[in-house]
Amino acid sequence: MNKSYFIQRTVHIRSGKIWENEKLVWEDEQPVLQDFLKNAYRELAMDYPKFFKMDSLSKLAILATEVLFSHAKPDEDTALIFGNSASSLETDEAFSASMNSFPSPSVFVYTLPNIMLGEISIKHRLLSENIFLVMENFDAKLFENQLSAALAQPDCANAVCGWVDLHNDEYDVFLCLTGTEGKWPFHAENLQKLYRLNE
């Protein structure tokens, strides 16, 4: 990576709360996942009916990117580099349960975590590269390596790095937008420090 890159913006979604950068922007008094997702959609004044057809993992990611891109539309070449510890297990279990009666095609669609990246790309009209990583815990060094490779491409000036984890209705979301300008120098130590905020 020849250029210097920075973390421009961050979003956390945890325990019924949404933070933008280091500021708490909204808190739901009812942090049960399904209620939280519906209430957050209304709070962000979204107008995207497809949201209600998505699985919970994709809904969390769409909410987070809505906050992340709230001040400026992303460039169509903004790369997406996401990861979590459970893949699409929450949806896999729901689909498995539906097989006892009638398998649900609408649930089956979401039994791969990279579908979440597709939903983000459709919503924000991205034509970029993306990758989804499954790892035991948030690995700042692995994210740094993947982002460095993406940002080294000539047509990629920005990237979103993120952790969107969901299992047993417990969720942990951290996204950051990186580019050539920003608040924090882009490296693994800062990624780890920012991920740990608001825990």
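Structural data are supplied above this passage.
These remarks concern the structure in this document. Only a predicted model underlies this, so the values are computations on that prediction, with no experimental measurement involved.

What counts, and at which threshold
- Residues numbered from 1 in each chain as written.
- Predicted model: local features only at pLDDT ≥ 70, side-chain atom pairs only at ≥ 80, totals over all residues.
- Heavy atoms only, no water.
- Salt bridge = Lys/Arg side-chain N within 4 Å of Asp/Glu carboxyl O.
- Helix = DSSP H or I, 4+ residues; strand = E, 2+ residues; numbered from the N terminus.
- Buried < 20%, exposed > 50% of the residue type's maximum accessible area, 1.4 Å probe, protein only.
- Axes fitted to C-alpha atoms, helices over the stretch in contact; angles between N-to-C directions.
- Parallel < 35°, antiparallel > 145°, perpendicular 65-115°, else oblique.
- Left-handed = near helix turned anticlockwise from the far one by under 90°.
- Contact = heavy atoms within 4.5 Å.
- Nonpolar A, V, L, I, M, F, W, Y, C, P; charged D, E, K, R; others polar.

**Describing the pattern of salt bridges**
Proximity of charged atoms lets side chains of opposite charge pair with each other.
Next, step 1: One pass over the full model with this rule turns up six salt bridges.
Next, step 2: With a closest N to O distance of 3.0 Å, Lys-50 and Glu-119 form a salt bridge. You can see Lys-50 sitting in the loop between α1 (33-43) and α2 (56-68) and its partner Glu-119 sitting in helix α5 (residues 114-124), a full 69 residues away along the chain.
Next, step 3: Classification of Glu-119 as buried rests on a relative accessible area of 4%.

**Some remarks on the packing of α2 against α5**
Next, step 1: For the pair α2 and α5, the least separation of the axes is 9 Å and the interaxial angle reads 40°. Compared by their axis directions, α2 and α5 come out oblique. The way α2 lies across α5 gives a crossing that is right-handed. For the pair α2 and α5, contact is made by Leu-57, Ser-58, Ala-61, Ile-62, Thr-65 and Glu-66 and by Met-116, Glu-119, Ile-120, Lys-123 and His-124, respectively.
Next, step 2: Residues that form the contact of α2 with α5 fall into these classes: five nonpolar, three polar and three charged.

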